[in-house]
Each structure stands twice: as C-alpha cells, then as structure tokens.
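This is what each chain is made of:
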Amino acid sequence: MAEGRDLVMETAEEGTSASLLYRVELVYDRGVYMLIVRDLVQGTLQTTTVPGRTVAKIPMYLSKLDLRQH
C-alpha cells in the first residue's frame, strides 16, 4: 500500500500550529475500495466501501475544497 498523505501534518510542517484530528486511508483489496476514517480525538474508527467511480472523483472533490480555502 502506498504511503498516505497527511494534509494537517503538511500544514504543521510549514510552520503553523496544527492538531491532527482525523486520519483517512483509502485501501484497495481484492477489487474493493475501503475508506477507513479514524477520529483521533474521540478514538473511533469507521469504515465503508466506496464505489470505483467515486474514487475516480476524489481529485475533483479535493480541488473543490482547495478552491473554498482561497
């Protein structure tokens, strides 16, 4: 599995103070995409399967989030 990307940690490395709240992983195993969300504050874990067509749209979703920040 490829290394995950931790957006909050990248921000912290740029010199801002940040707290890691969630860790999200997208795993592909035996033809199934599984999204794993860890709430590091509450100590909970949620998993759900994700259709491939949704996985293909993730870059678009991230772009929309980035546009809202500016």
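Each residue is numbered by its place in its chain's sequence as written, counting from 1. Local features in this predicted model are restricted to residues of pLDDT 70 or higher, and side-chain atom pairs are both shown and tallied only at a pLDDT of 80 or more, whereas totals for entire chains, interfaces and linings draw on every residue. Hydrogens are left out, water is left out, and the side-chain values use all remaining heavy atoms of the structure.

1. Quick word on the overall build of the protein
Right, so step 1: Along the protein, the regular secondary structure elements total 3 helices and 3 strands.
Right, so step 2: Only protein chains enter the accessibility calculation, which uses a 1.4 Å probe; a residue is then buried when its area is under 20% of its type maximum, exposed when over 50%, and partly exposed in between. The burial tally for the protein puts 9% of its 70 residues in the buried class.
Right, so step 3: Residue contacts are defined here by distance: any two heavy atoms, one from each residue, within 4.5 Å place the two residues in contact. A separation of at least 24 residues holds for 7% of the contacts in the protein among residues at least 6 apart in sequence.
Right, so step 4: Accessibility throughout is a Shrake-Rupley quantity obtained with a 1.4 Å probe, and a residue counts as covered only by protein chains that appear here. Surface accessibility of the protein: about 6,100 Å² in total, with carbon and sulfur atoms responsible for 53%. Elements are defined by DSSP. Helices are runs of H or I of four residues or more, strands are runs of E of two residues or more, and each kind is numbered from the N terminus.

2. Some thoughts on unusual backbone geometry
Right, so step 1: Positive phi outside glycine occurs at R30, with the angle close to 55 degrees.
Right, so step 2: Looking at the element boundaries, R30 is found in the loop between β1 (22–29) and β2 (32–39).

3. What to know about the pairing of β2
Right, so step 1: Pairing between two strands is assigned when DSSP locates at least 2 bridges connecting them. Bridging between β1 and β2 involves 8 bridges; their strand directions are antiparallel. Its bridge partner being in β2, D29 is matched across the sheet by V32.
Right, so step 2: Between β1 and β2, which pair antiparallel one after the other, the connecting turn spans 2 residues, and R30 there sits at a positive phi close to 55 degrees.
Right, so step 3: Here β2 runs beside strand β3 (residues 44–50); their pairing, made up of 7 bridges, is antiparallel.

Shape is all these values report; function is a separate question.
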